[in-house]
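Geometric and topological summary
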Amino acid sequence: MTDRIEILDESALQRAITRISHEIVEKNKGIEGLVILGIRTRGMPIAKRIAENIESFENGKVVLGSVDITAYRDDKEETGENRRSSRIDVDVKDKNVVLVDDVIYTGRTCRAAINAVMDKGRPQKIQLAVVIDRGHRELPIRPDYTGKNVPTSREEMIQVLLKEQDGKDAVVLTKRGGIE
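Keep in mind it's a predicted model, so treat the numbers as computed, not measured.

1. Overview of the overall build of the protein
Of regular secondary structure, the protein possesses four helices and nine strands. Counting helices and strands in the order they occur from the N terminus, the protein gives β-α-β-α-β-β-β-α-β-β-β-α-β. In terms of principal-axis extent, the alpha carbons of the protein reach across some 50 × 45 × 30 Å. Classification of the 180 residues of the protein by burial places 47% in the buried group. Put simply, 68% of the contacts in the protein that link residues at least 6 apart link residues at least 24 apart. With the model as given, the accessible surface of the protein reaches about 9400 Å², and the carbon-plus-sulfur share is 45%. On the protein, the mean spot of the 31 positive side-chain charges and the mean spot of the 31 negative ones are 2 Å from each other.

Now the structure itself:
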C-alpha cells in the first residue's frame, strides 16, 4: 500500500465544486442576499470558484469575501487587541452567508468562522460548504454542502491541492508521517 492515495482528480474536484455551486443556488432560491465567504487560506480559492460558477449560470454578481479566523482559534492564547478583531471584508448583516472551506474535521475551524461572522453582524442564515468531510467531529457542526465524504482514521490526513496554491487540482489522502 502506498502512503499517498488520490481521492479526487482534477475533473472530480471540479464536478464536486460545480455541484456544490448549484446546490447553494437551489437551497437559497437564487443569489439575492447571498454572501460567499472563504475561510482563509484554502477556503478562499474554492469560494472564488463557487462564486464564478454561480455567476456563470445565474447571470448575476455574487458577493464574495473572506474570513480570517486567526483571532478566533481556540488553540491560541488570547492576545489583547488581536482577540476578536474580525477580518471580514464584506457586509453580512441580514444576508445568507455560506462559509467555504476545503476540509471539515473537528469542526473547530467552522466554529471560529461562525464567531467571526457573528462579531461582524447578524446574518439571516449561516451555511457551510466543504469539499471533503472526513469525520471526527468534536463539535455539533455539519456541513450543508459536501463534495465528498471520506471516512478517515486520525492517523490519516486529507489534503486538497489547488492550482492557485499547489499548481494542480486534486484531493489526496496520506498517512501521518507519509509523503507530503
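Moving on from the coordinates now.
2. Here's the deal with helix 3 (residues 108-120)
A rise of 1.5 Å per residue sets the reference length of helix 3, with its 13 residues, at 18 Å; its end C-alpha atoms lie 19 Å apart and thus fit the reference within 8%. Here helix 3 has its buried residues at Cys110, Ala112, Ala113, Ala116 and Val117. All buried residues of helix 3 lie within an arc of 160° about the axis, which places them on one face of the element.

3. Things to note about the UniProt feature "short sequence motif: PRPP-binding" (unreviewed entry) in the protein
The feature "short sequence motif: PRPP-binding" (unreviewed entry), as given by UniProt, occupies residues 97-109 in the numbering adopted here. Helix makes up 15% of residues 97-109 and strand 62%, and the two end C-alpha atoms of the span are 16 Å apart.

4. Some remarks on the packing of aromatic side chains
Scanning all chains against the criterion turns up zero aromatic pairs. Looking at Lys27, its charged tip hangs above the ring of Tyr145, at a distance of 5.6 Å from the centre. Sitting over the ring of Tyr105, Arg134 keeps its end group 4.0 Å from the ring centre.

5. What to know about the pairing of strand 9 (residues 170-175)
Within strand 9, five of the six residues are buried, which leaves the element mostly enclosed by the surrounding structure. In this sheet, strand 9 lies alongside strand 1 (residues 4-8) in antiparallel orientation, the contact comprising four bridges. Across the sheet, residue Arg4 finds its bridge partner in strand 9, namely Thr174.

6. Observations regarding the sheet that holds strand 8 (residues 156-161)
Taken in spatial order, the three strands of this open sheet run 1-9-8, and their pairing is antiparallel. What marks the edges here is a single partner per strand, and that holds for strand 1 and strand 8. Strand-to-strand twist across the sheet, computed as the mean angle between neighbouring axes with direction ignored, equals 25°. On top of the sheet, helix 1 (residues 10-27) reaches strand 1, strand 8 and strand 9; it is set at about 40° to strand 1, its chief contact.

7. Comments concerning the pattern of salt bridges
Scanning all chains against the criterion turns up 15 salt bridges. Between Lys48 and Glu52 there is a salt bridge; the shortest N-O distance is 3.5 Å. With Lys48 and Glu52 both in helix 2 (residues 43-58), this residue pair falls four residues apart, about one helical turn. Since its relative accessible area comes to 42%, Glu52 is described here as partly exposed. The partner of Glu138 in a salt bridge is Arg108, with the nearest N and O atoms 2.7 Å apart. In this pair, Glu138 sits in the loop between strand 6 (125-133) and strand 7 (145-149) while Arg108 sits in helix 3, placing the two residues 30 residues apart along the sequence.

8. Remarks on the nonpolar core
Counting 29 residues, the largest nonpolar core has Ile24, Ile36, Ile50, Ile54 and Ile132 as the members making the most contacts within it. For this core, the elements supplying multiple residues, two or more each, are helix 1, strand 2 (34-39), helix 2, strand 5 (96-104), strand 6, strand 8 and strand 9. Among the elements that take part in this core, helix 1 stands out by supplying six residues, more than any other. Each residue touching Ile36, except ones within four places of it in the same chain, is listed here: Ile24, Ala47, Ile50, Ile54, Val62, Val63, Leu64, Gly65, Val98 and Val100.

9. Some words on the pairing of strand 3 (residues 63-68)
Summarising the sheet, strand 2 and strand 3 pair through five bridges and their orientation is parallel. For Val35, the partnering residue across the bridge sits in strand 3 and is Val63. Regarding the hand of the β-α-β motif, the stretch spanning strand 2, helix 2 and strand 3 is right-handed.

Here is what the cut-offs are and how they apply
- Residues numbered from 1 in each chain as written.
- Predicted model: local features only at pLDDT ≥ 70, side-chain atom pairs only at ≥ 80, totals over all residues.
- Heavy atoms only, no water.
- Helix = DSSP H or I, 4+ residues; strand = E, 2+ residues; numbered from the N terminus.
- Buried < 20%, exposed > 50% of the residue type's maximum accessible area, 1.4 Å probe, protein only.
- Contact = heavy atoms within 4.5 Å.
- Areas by Shrake-Rupley, 256 points an atom, 1.4 Å probe, with all protein chains shown as cover.
- Lys, Arg positive; Asp, Glu negative; His and termini not counted.
- Charge placed at Lys NZ, Arg CZ, Asp CG, Glu CD.
- Expected span 1.5 Å × (residues − 1).
- Arc of directions from axis to C-beta.
- UniProt positions renumbered as here; feature names shortened; annotations may be inferred.
- Phe/Tyr/Trp six-rings, centres within 6.5 Å; stacked < 30°, edge-to-face > 60°.
- Lys NZ or Arg CZ within 6 Å of the ring centre and 35° of its normal.
- Pairing = 2+ DSSP bridges.
- Axes fitted to C-alpha atoms, helices over the stretch in contact; angles between N-to-C directions.
- Salt bridge = Lys/Arg side-chain N within 4 Å of Asp/Glu carboxyl O.
- Core = buried A, V, L, I, M, F, W, Y, C linked by side-chain atoms within 4.5 Å.
- Right-handed = clockwise from strand over helix to strand, strands pointing away.

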